[in-house]
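Take a look at the letters that make up each chain.
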Amino acid sequence: MLALAAAAVVAGMKGYTAITGWAADVSAGVLADLYLRAGGIPAGPPSKTTIWRVLTGADSELLDAAVGTWLMNLAGFAAPAAGGTDDGVSGCGALMQVTLDGKAIRGAKDADGNQVRLLAALVGPDAAASVVAAQAEVGKKTNEVVCHGRRGGADVGR
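How each quantity is defined
- Along each chain, residue indices are assigned from 1 in the same order as the chain's sequence is written.
- Predicted model: local features are reported for residues with pLDDT of at least 70 only, side-chain atom pairs are reported and counted for 80 or more only, and whole-chain, interface and lining totals are derived from all residues.
- As a rule here, side-chain values come from all non-hydrogen atoms in the structure, and water together with hydrogens is ignored.
- Going along the chain from the N terminus, every DSSP run of H or I of four or more residues is numbered as a helix, and every run of E of two or more is numbered as a strand.
- Throughout, exposure labels follow a simple rule: accessible area from a 1.4 Å probe, protein chains only, divided by the maximum for the residue type, with under 20% read as buried, over 50% as exposed, and the rest as partly exposed.
- Residue contacts are defined here by distance: any two heavy atoms, one from each residue, within 4.5 Å place the two residues in contact.
- All accessible areas in this document rest on Shrake-Rupley with a 1.4 Å probe, and a residue is counted as covered only by the protein chains that are shown.
- Patch rule: a residue counts if its relative accessible area is over 30% and it has no salt bridge; like charges are joined within 9 Å, and nonpolar side chains (Val, Leu, Ile, Met, Phe, Trp, Tyr) within 5 Å.
- The term salt bridge refers to a side-chain nitrogen of Lys or Arg lying within 4 Å of a carboxyl oxygen of Asp or Glu.
- A fitted line through C-alpha atoms serves as each axis, taken over the contacting stretch for helices, and the angle formed by two N-to-C directions is quoted from 0 to 180°.
- Roughly parallel refers to an angle under 35 degrees, roughly antiparallel to one over 145, roughly perpendicular to one between 65 and 115, and oblique to any angle outside these ranges.
- Left-handed describes a crossing whose near helix is turned anticlockwise from the far helix by less than a right angle; the clockwise case is right-handed.
- By construction, the arc corresponds to the directions joining the helix axis to the C-beta atoms.

Engineer: Help me understand the overall build of the protein, please; the structure alone is not making it clear to me.
Structural biologist: Along the backbone of the protein there are six helices and three strands. If you list the helices and strands of the protein from N to C, you get α-α-α-α-α-β-β-β-α. Buried positions account for 20% of the 158 residues belonging to the protein. Contacts in the protein between residues far apart in sequence, at least 24 positions, make up 35% of those at least 6 positions apart. By element, 58% of the accessible surface of the protein is carried by carbon and sulfur atoms, the whole surface being about 10,400 Å².

Engineer: I keep staring at a nonpolar patch on the surface and nothing clicks. Help me out?
Structural biologist: Among the surface-exposed residues, Leu-2, Leu-63, Val-67, Trp-70 and Leu-74 lie close enough to one another that they form a single nonpolar patch of about 470 Å² accessible area. If you trace the backbone, Trp-70 turns up in helix H5 (residues 60-74). Accessibility expressed as a relative area gives 53% for Trp-70, which makes it exposed.

Engineer: Which parts of the structure should I look at to understand the packing of helix H2 (residues 16-25) against helix H4 (residues 48-57)?
Structural biologist: Two numbers describe a pair of packed helices, the interaxial angle and the distance between the axes. Here H2 crosses H4 at 120°, and the two axes come no closer than 9 Å. Considered as vectors, H2 and H4 are oriented oblique to each other. Between H2 and H4 lies a crossing of right-handed hand. Contacts between H2 and H4 involve Tyr-16, Thr-17, Ile-19 and Thr-20 on the former and, on the latter, Lys-48, Ile-51, Trp-52, Leu-55 and Thr-56.

Engineer: Even after reading the chapter, I still don't get H2, so can you show me in this structure?
Structural biologist: Helical periodicity: at 3.6 residues per turn, an α-helix aligns residues three or four positions apart in one direction. For H2, the set of buried residues is Ile-19, Thr-20 and Ala-23. Down the axis of H2, the smallest arc covering the buried residues is 100°, so these residues share one side. What points out from H2, more than 90 degrees from its buried face, is the exposed set Thr-17 and Asp-25. Where the residues of H2 are buried, they touch helix H1 (2-10) and H4.

Shown next as structure tokens:
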């Protein structure tokens, strides 16, 4: 269901009604493939109520951590096992470049109606090959230095 909603948003759908309409137009084969990949039983497109219930009930921090881990593994940036590559730093495995970047999320509002702002940690050798490994909501507009060390659901800056 989350993959279906994400695909709809990437396709430009905004809101539960648009996502529902997009899901209804997806071919039966694509829909079945999504369900099977998620370990579900192929079924028809979900209702607007079901989409709303799943999206509003999802633990966003847990989902964000899972997607970050998946992206890191997909990009081949998985953390080395204990006793991994010796990089000359005692007690450390291989070092990896991490870039922090703050972003305002267009159209997203928090419970108080304020625009959602995230601090993202990008991992990779350069901008073209980096993935978002973790991100955390930072509240009001600020900068990366102030947020360093702040613990959110994603432990950005640690």
